[in-house]
Amino acid sequence: GTQYENILVSRPEPNVVLVTLNRPKALNALNSALFKELNKALAEADQDDSVGAMVLTGSEKAFAAGADIKEMKDKTYSDVYKNKFLENWSEIANLRKPVIAAVSGFALGGGCELALMCDIILASPTAKFGQPEINLGVIPGGGGSQRLAHTIGKSKTMELVLTGRNINAEEAERWGIVSRVVGEGEGQVVKEALSVAKLIASKSQIAVQAGKEVVNAAYELSLEEGLRFERRIFHGLFATNDQKEGMAAFAEKRKPNFTHS
Ligand code: CO8
């Protein structure tokens with residue numbers, strides 16, 4: 001595989017790719033070079049027929065402590081505007097296959113936003129989420145204000161964005177930012193994320209992709225349009241071999257053998 005400088009890519013399960021952010025000295029601060037590699041690795045996994053799901057993680061101390069402040073600090077308006085700064089930092093939100101974030105330690109600023117671009121967030125009890133950009137004289141730029149507002153509502157989003165206060169894993173779970181807090185212990189959250197990814201990868205990839213597409217539509221469409229979209233995609237799955245196989249296997253009391261076709 002490709003050698004990367006800012007990330008590690010591995011395949012701990014035959015159908016699951018694990019991407020680990022790897023700038024430990026900077027608490028995985030996110031820069032352009034890192035995003036270039038991250039986008040490449042995830043796009044490759046997305047296009048690889050043998051991959052069913054991806055897991056994204058950082059270190060025990062930090063998922064990512066935000067965009068790299070040292071890289072950003074001297075940029076001017078004309079730099080960021082002309083070069084469309086941050087525009088390709090959200091490609092992860094356009095992947096077809098599910099990405100599960102396994103968050104330990106700091107997920108701040110762009111780190112919180114990166115986690116929010118994933119489809120499922122699992123947190124270790126050490127996880128801390130926040131949008132501290134206000135302390136730097138700026139605001140979130142990677143979708144935090146929008147994705148949080150959709151997830152936790154106005155009042156909580158305003159508090160995070162305007163005060164810069166961090167919240168812990170328990171609060172993040174209560175607020176619905178993370179699906180679950182996973183038990184104590186080093187590496188536990190990654191282990192659990194891999195097992196969720198493995199479970200997803202055992203399903204029909206077509207149905208999984210359709211499920212991701214319709215859930216995401218709920219954030220874009222009215223209820224009426226969303227319900228119609230869901231039903232149409234549901235109808236479409238009756239054209240797949242996996243629907244025939246899945247339902248036949250149930251009727252014959254055996255395990256389905258999905259061929260992703
Ligand atoms: N950028 C650059 N370097 C960083 C960053 C960062 N965001 N965070 C930590 N580092 C570096 C530190 O400078 C330090 O380096 P050095 O050893 O060379 O001094 C090293 O990482 C270790 O950090 P600390 O010594 O500060 O570790 P502590 O345990 O004392 O503190 C904290 C940890 C609380 C996380 C602290 O490092 C901190 O406050 N970091 C900055 C958090 C922050 O403000 N993040 C928001 C950045 S702005 C942003 O994200 C804009 C979003 C843009 C969109 C992104 C789209 C995805």
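Given the structure is predicted, the values throughout are model-derived calculations rather than measurements.

**Structural notes on the site of the ligand**
And then number 1: Near the ligand, the surroundings consist of 24 residues, among which A29, G66, G109, G110 and G142 are the closest.
And then number 2: For the shell around the ligand, the secondary structure elements donating two or more residues are helix 2 (69–72), strand 6 (106–108) and helix 4 (110–117).
And then number 3: Among the elements that make up the shell around the ligand, the one with the highest residue count is helix 4 (three residues).
And then number 4: For the shell around the ligand, the residue count by class is 15 nonpolar, five polar and four charged.

**Here we look at the nonpolar core**
And then number 1: Ranked by internal contacts, the top residues of the largest apolar core, which has 66 residues, are M54, V55, I100, A123 and A197.
And then number 2: Sort the elements by how many residues they give to this core and helix 8 (residues 188–201) lands first, with eight residues.
And then number 3: What A123 contacts, discounting residues up to four positions off in sequence, is V103, A169, A172, E173, V178, V181, V182 and V189.

**Details of the pairing of strand 7 (residues 120–123)**
And then number 1: In this structure, strand 5 (residues 99–103) lies alongside strand 7, joined through four bridges in parallel fashion. Bridged to A101 within strand 7 is I121.
And then number 2: Note: strand 7 against strand 10 (residues 180–181), two bridges, orientation parallel. What sits directly across from A123, in strand 10, is V181.

**Thoughts on the pairing of strand 3 (residues 53–57)**
And then number 1: Taking burial as the measure, the five residues of strand 3 include five buried ones, the bulk of the element.
And then number 2: Here strand 2 (residues 16–21) runs beside strand 3; their pairing, made up of five bridges, is parallel. Note that in strand 3 the partner of T20 across the bridge is T57.
And then number 3: For the handedness criterion, the β-α-β arrangement of strand 2, helix 1 (residues 32–47) and strand 3 is classed as right-handed.
And then number 4: Bridge count between strand 3 and strand 5: four bridges; the pairing is parallel. In the strand pairing of strand 5, V55 is matched with I100.

Rules and cut-offs
- Note on numbering: residues in each chain are counted from 1, in written sequence order.
- Per-residue local features of the predicted model are confined to residues with pLDDT of at least 70, and side-chain atom pairs are confined, for both listing and counting, to 80 or more; whole-chain, interface and lining totals are unaffected and use all residues.
- Here, nearness is defined through the C-beta atom: a residue counts as near a molecule or strand if that backbone-placed atom lies within 6 Å of it.
- Secondary structure follows DSSP: runs of H or I at least 4 residues long count as helices, runs of E at least 2 residues long count as strands, and numbering of each begins at the N terminus.
- Throughout, the ten residues Ala, Val, Leu, Ile, Met, Phe, Trp, Tyr, Cys and Pro are labelled nonpolar, Asp, Glu, Lys and Arg are labelled charged, and all others, Gly among them, are labelled polar.
- Any set of buried Ala, Val, Leu, Ile, Met, Phe, Trp, Tyr and Cys residues joined through C-beta atoms within 7 Å is what this text calls a nonpolar core.
- To sort residues by exposure, count the other C-beta atoms lying within 10 Å of each residue's C-beta; 20 or more gives buried, 12 or fewer gives exposed, and values between give partly exposed, all with C-beta atoms placed from the backbone.
- We call two residues in contact when their backbone-placed C-beta atoms lie within 7 Å.
- The pairing criterion for strands is at least two bridges between them, as found by DSSP.
- Crossovers are described as right-handed under a simple rule: with the strands pointing away from the observer, the path leading from the first strand over the helix to the second runs clockwise.

On their own, these measurements won't tell you what the molecule is for.
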